[in-house]
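Survey of secondary and tertiary structure
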Amino acid sequence: MDNSLPPADELVLVDRELAQLDARRSQLLARRAWLIRVLHAPAASAALPPRPPVADSTPRGAQNVLLTLGGTLLTIAAIAFTLVSWGSMGIGGRAAVLSAVTAAALVAPVALLRRSLVSTAEAVAALGMVLMVLDAFALHRVALPETDGLGYAAVAAAVLAAAWTAYGSALSRLRVPLPVAVVAGQLPLPLGVLAAGGGSTAFAWAALLTAAADGAVVLWARPAPVRITAVTGAVALGGWALLTGGLLSLTSPWDGAPLLLAGAAVTLYLAWRRPSLAVAASAVAGLAAVTAVGGLLRAVVPADWAVPGYVLCGLAAASVWWLRAGTAGTTSASTPEAGTRPGGSTADTSGARLPAGVRLGLACAGAATAALGVVWALPPVAAGLLGPLARTTEVWSGEHAEHATAWYPGTAALVLAVTAAALASLPRLWARCGALALVWALLTALPVSLGLPFAATLALQLLTSAAALCIAVRPGPATRGLRTTAAPGGRSGAPARTDSGPGAPTPPVTAPSAAPSGPSADGPSAPPAGGPGAPWHGWAPVRPRTQAPVAAPGTVLGWSAYAGGLASAVSAVALSLDVRVATFLALGVVLGLCSAVAVLAVDARRVVSACGAVLTATGLVFAVAAAGGFEDHWTALGLLLVPAATAALGARAPRPVALAIEITGGAVGLLALGIAASRPAFLALALALGGVIAAATAVRPERRRFAAWTAAALFLSATWVRLAVWDVTTPEAYTLPVTVPALVVGFLRRRRDPEASSWTAYGPGLAATLLPSLFAAWTDPEWVRPLVLGVAALVVTLLGARFRLQALLVLGGTVLALDGLHELAPYVVQAVGALPRWLPPALAGLLLLAVGATYEQRLRDARRLRDRVARMR
């Protein structure tokens, strides 16, 4: 009896059992996770109370929104009542309504503040102030209609500002009245000037006086909103006044100078009394004072001296930084306790005449003015440096192009000189670099500013280049007197001065491990590293502080001077192309300078200078060829002297310099080959000479691999070009010079490494000759080439079979078969044509029968042949 279920029913049963197993497994895994959490749970902690849901808006915010919306609606209603419904009531009714509503709106905040309804009180007070504005408007329309609108607005603004100030002072808990009073206080003076018909100067003075009043509010008012509003008004009106004064200083200096000086005095006083605004305010004051004094000087000096006058004023303002009173008994600024105010701000108690922030702002204003003056003086520098590169005359024509900026004021050189002297007096690295750059710019601009002749200009440029490169190699004298900062750990290269100044060094920061553990002036110190608050008691690793590497002053100055020296050298060479003798002189001097720097320098400047010397030598070769009237192909042969010299020097030069000059020499060699390409015979000679240079370089072990392959390629190219010149069309003449060395190299490779593949050792060399010869044999009607090719392919095949070399056997056999097929094809065609037409199909059938009868044996023979060939190297 068979009790087995049908397959369909049994499949349903198996699926049901598997589903139950999966459900049980999930239950057990959940139970296991809960048990693990119970066993490894931390100590029980108090359960956190459930967090209430976060509301979309707080009650206070909703209240403010409602109050603002209600006050806005009431304001709109009051305006509509005043402007639209005014005519339906009598004069008494109108006055009574506005007075009653305004009085109620102003008195209501008193009762609201007693009930601590501050926000509601502010909304009602804001409504009352709007109603006061409407009252003023109504008073003008009813009682004073003939009064001038601007004058009445000025008086009304003053009255409202005073009333709102008193109102806000009486109800100090209200935050709106006092800032609104400040806003109203901006209007009386400017509107009064406009009402009186004053011009732009009078309006600027009114704006300046209002800004001064705003400054007084900033200094003496306590509420932050009031001070913020006053600062905004002071910036707007004071900026307008200063801009007006600046424009007046250009057209009417004697009218603009008092305005600018008054604005500078007000701003400077504000900077003195408010340290948080000291830098910005004093910078504005400095710019205003420089503009005022510079405008006065511009009015009394010639036009060319206007910018130098501004620059001198700017330098005078910048010199304020160094003002010291020198009072005895004052605390030194270098001590940590000096100059610390209770609010955390730093004051200068070292006896300085001006606070540090004020001096910094004035110095920045002066420096900005001097920088603008330097920018104004740059066109002659650009003309002196780039003018020779934009050549408008023929080379060696003896004609000299006129400078594009010959019309520019000659006082530009004076600006550069004065600014360079000012920077040189500062013992700071950035100042010394700036002074160096300005001196170089001055020497570059002098020929343009003074209109020097050609010889003097060339000599000055060469001397500038020589001096700059000398400083680049030996920057020691240029670094004398520089102040150095203390290195980490308390070490320093020189005693560091601690007096404050632009770019003054920062006092060394004490390491955390050396800090005292007790309380300090700033507050209680952090717990020690090994204290109870540390993660590991008794031990805590001190993480080292990584600091960015700081370049040495000599390196920075050296690179600055080096850049200027190279620029002057290039400009001098371009300028010397006007005269033949000057060209040789300039190239010789530049070659000597670059060679000297390549020998004496110690960093990347050495490599760049070596490459520059190679390029200068190339220019000399071109100059000699042009002077001698040589043709291009002879010039190409002469250029090969440059890579030859670099190859000789590379054997003795240090590795970075050697590699750089050899690459540059190789580039010059490629240029020579490009020039010689117009004459194939000379191109072949140039390629051969290049191969000789590369072969000589291959003697050095570190250049052997690359130079050897380069020499082989150059010699092969020279051979091919020479054969092409001789009209040789035989392909073997071109391929055999490749095949023979390749087979020799492959033989040496197999001798050193017997496991090397024959395809790697002999394949390229054999294919270079056999394949082109095979193509030529198929198109050659003569019998000599196919015969020689067949014999050579047979020899190669036999050698491959004898020494079990796969590449020789496959290449030789393939070429031999194809060559034999080419030779037998005509006879096969003739024989097939002579036979009866039924015979070829019969032979084909017999062949197929024979192959089919011995198919398995032939298949085994083919596989055995394949395996034997595969086992070959």
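If you're wondering where the values come from, they're calculated on a predicted model, not measured in any experiment.

It is worth spelling out the overall build of the protein chain at this point. Of the regular secondary structure elements, the protein chain holds 32 helices and 0 strands. Total accessible area on the protein chain is roughly 50900 Å²; 70% of this is exposed by carbon and sulfur atoms.

Another point: the side chain of T618. Along the chain, the position of T618 falls in helix α20 (residues 604–628). Judged by its relative accessible area of 6%, T618 falls in the buried class.

The next point concerns helix α26 (residues 731–752). With 22 residues, α26 extends 32 Å from end C-alpha to end C-alpha; this agrees with the ideal 32 Å at 1.5 Å per step. The set of residues buried in α26 consists of E732, Y734, T735, T739, G746 and R750.

Another point: the confidence of the model for the protein chain. When pLDDT is averaged across the protein chain, the result is 80; 78% of the residues are at 70 or more. The low-confidence segment residues 43–48, where pLDDT is below 50, has 0 contacts with residues more than four positions distant or belonging to other chains.

A few words now on α20. Spanning 25 residues, α20 covers 36 Å between terminal C-alpha atoms, matching the ideal 36 Å at 1.5 Å per step. What α20 keeps buried is the set R605, S609, A610, G612, A613, V614, T616, T618, V621, A623 and A625. Turning to α20, the residues buried within the fold contact α17 (454–473), α18 (553–576), α19 (580–600), α21 (632–639), α22 (641–650) and α23 (655–676). Looking one or two residues beyond α20, the residue adopting positive phi is G629, at roughly 70 degrees.

Before going further, it helps to spend a moment on the nonpolar core. Within the largest apolar cluster, 25 residues are counted, with the highest numbers of intra-cluster contacts made by L683, A686 and L687. Those elements giving two or more residues to this core turn out to be α20, α21, α23, α24 (680–697) and α25 (704–725). Counting residues in hydrophobic clusters, the runner-up holds 22 residues, among them Y408, L423, L438 and L442.

One pass over the full model with this rule turns up 6 aromatic pairs. Members of the aromatic cluster, each reached through a chain of ring pairs, are W376, W407 and Y408. Note that R359 overlies the ring of W321, its terminal NZ or CZ placed 4.7 Å from the centroid. In this structure, R802 is placed above the aromatic ring of F803, and the distance from its NZ or CZ to the ring centre is 5.2 Å.

Glancing now at the environment of S252. Inspection of the secondary structure assignment puts S252 in the loop between α9 (224–251) and α10 (253–273). Residue class for S252 comes out partly exposed when judged on its relative accessible area of 22%. Separated by 44 residues in sequence, S252 and L296 place their C-alpha atoms 9.2 Å apart. At 2.7 Å, the side chain of S252 forms a polar contact with the side chain of D255.

This part covers a nonpolar patch on the surface. Nonpolar side chains collect at one region of the surface, where W783, V784, L787, V788, V791, V795, L799 and F803 lie side by side and expose about 770 Å² of accessible area between them. Judged by its relative accessible area of 43%, V795 is partly exposed.

What follows covers unusual backbone geometry. For residues other than glycine, phi is negative in most cases, and the peptide bonds are mostly trans. Phi angles above zero are rare outside glycine, and D727 is one such case at about 60 degrees. Summarising the element assignment, D727 is placed in the loop between α25 and α26. In this model, R804 sits at a positive phi of 55 degrees, which is unusual for a non-glycine residue. Of note, R804 is situated in the loop between α29 (784–803) and α30 (806–834).

As a packed pair, helix α16 (residues 429–450) and α18 sit with axes 10 Å apart at the nearest point and diverge in direction by 15 degrees. The orientation of α16 with respect to α18, classified from their angle, is roughly parallel. The handedness of the crossing between α16 and α18 is right-handed. Seen from α16, the contacting residues are L429, R432, C433, L436, W440 and T444; seen from α18, they are P553, V556, L557, S560, A561, G564, A567 and S568. In terms of residue class, the contact of α16 with α18 is built from 9 nonpolar, 4 polar and 1 charged.

A few words on the pattern of salt bridges. What the rule picks out here adds up to 7 salt bridges. Each of E662, R700, E702 and R703 takes part in one network of salt bridges that share partners.

Among the secondary structure elements, T583 is positioned in helix α19. By relative accessible area, T583 is classed as buried at 2%. Engagement of the side chain of T583 in a polar contact is seen with the backbone oxygen of S576, the distance being 2.6 Å.

Moving on, we come to the environment of L443. Relative to the assigned elements, L443 resides in helix α16. Residue class for L443 comes out partly exposed when judged on its relative accessible area of 27%. Measuring from C-alpha to C-alpha, the distance between L443 and G384 comes to 9.2 Å, with 59 residues separating the pair along the chain. The residues touching L443, leaving out its near neighbours within four places in the chain, are L460 and T464.

Mapping G554 onto the fold places it in helix α18. Along the primary structure G554 and V473 are separated by 81 residues, whereas in three dimensions their C-alpha atoms are 9.4 Å apart. Setting aside its immediate chain neighbours within four residues, G554 contacts P475 and T479.

Below, the discussion takes up the packing of helix α28 (residues 763–778) against α29. At a minimum axis separation of 10 Å, α28 and α29 run at an interaxial angle of 145 degrees. For α28 against α29, the interelement crossing comes out left-handed. Along the contact surface, α28 presents L766, L770, S773, L774, A776 and A777, while α29 presents R785, P786, L789 and V796. Its residues assigned to classes, the contact of α28 with α29 comprises 8 nonpolar, 1 polar and 1 charged.

Cut-offs used in this document
Residues numbered from 1 in each chain as written. Predicted model: local features only at pLDDT ≥ 70, side-chain atom pairs only at ≥ 80, totals over all residues. Heavy atoms only, no water. Helix = DSSP H or I, 4+ residues; strand = E, 2+ residues; numbered from the N terminus. Areas by Shrake-Rupley, 256 points an atom, 1.4 Å probe, with all protein chains shown as cover. Buried < 20%, exposed > 50% of the residue type's maximum accessible area, 1.4 Å probe, protein only. Expected span 1.5 Å × (residues − 1). pLDDT = per-residue confidence, 0-100. Contact = heavy atoms within 4.5 Å. Core = buried A, V, L, I, M, F, W, Y, C linked by side-chain atoms within 4.5 Å. Phe/Tyr/Trp six-rings, centres within 6.5 Å; stacked < 30°, edge-to-face > 60°. Lys NZ or Arg CZ within 6 Å of the ring centre and 35° of its normal. Polar contact = N/O pair within 3.5 Å; in protein donor to acceptor, adjacent residues only side chain to side chain. Patch = residues over 30% accessible without salt bridge, like charges linked within 9 Å, V, L, I, M, F, W, Y side chains within 5 Å. Salt bridge = Lys/Arg side-chain N within 4 Å of Asp/Glu carboxyl O. Axes fitted to C-alpha atoms, helices over the stretch in contact; angles between N-to-C directions. Parallel < 35°, antiparallel > 145°, perpendicular 65-115°, else oblique. Left-handed = near helix turned anticlockwise from the far one by under 90°. Nonpolar A, V, L, I, M, F, W, Y, C, P; charged D, E, K, R; others polar.

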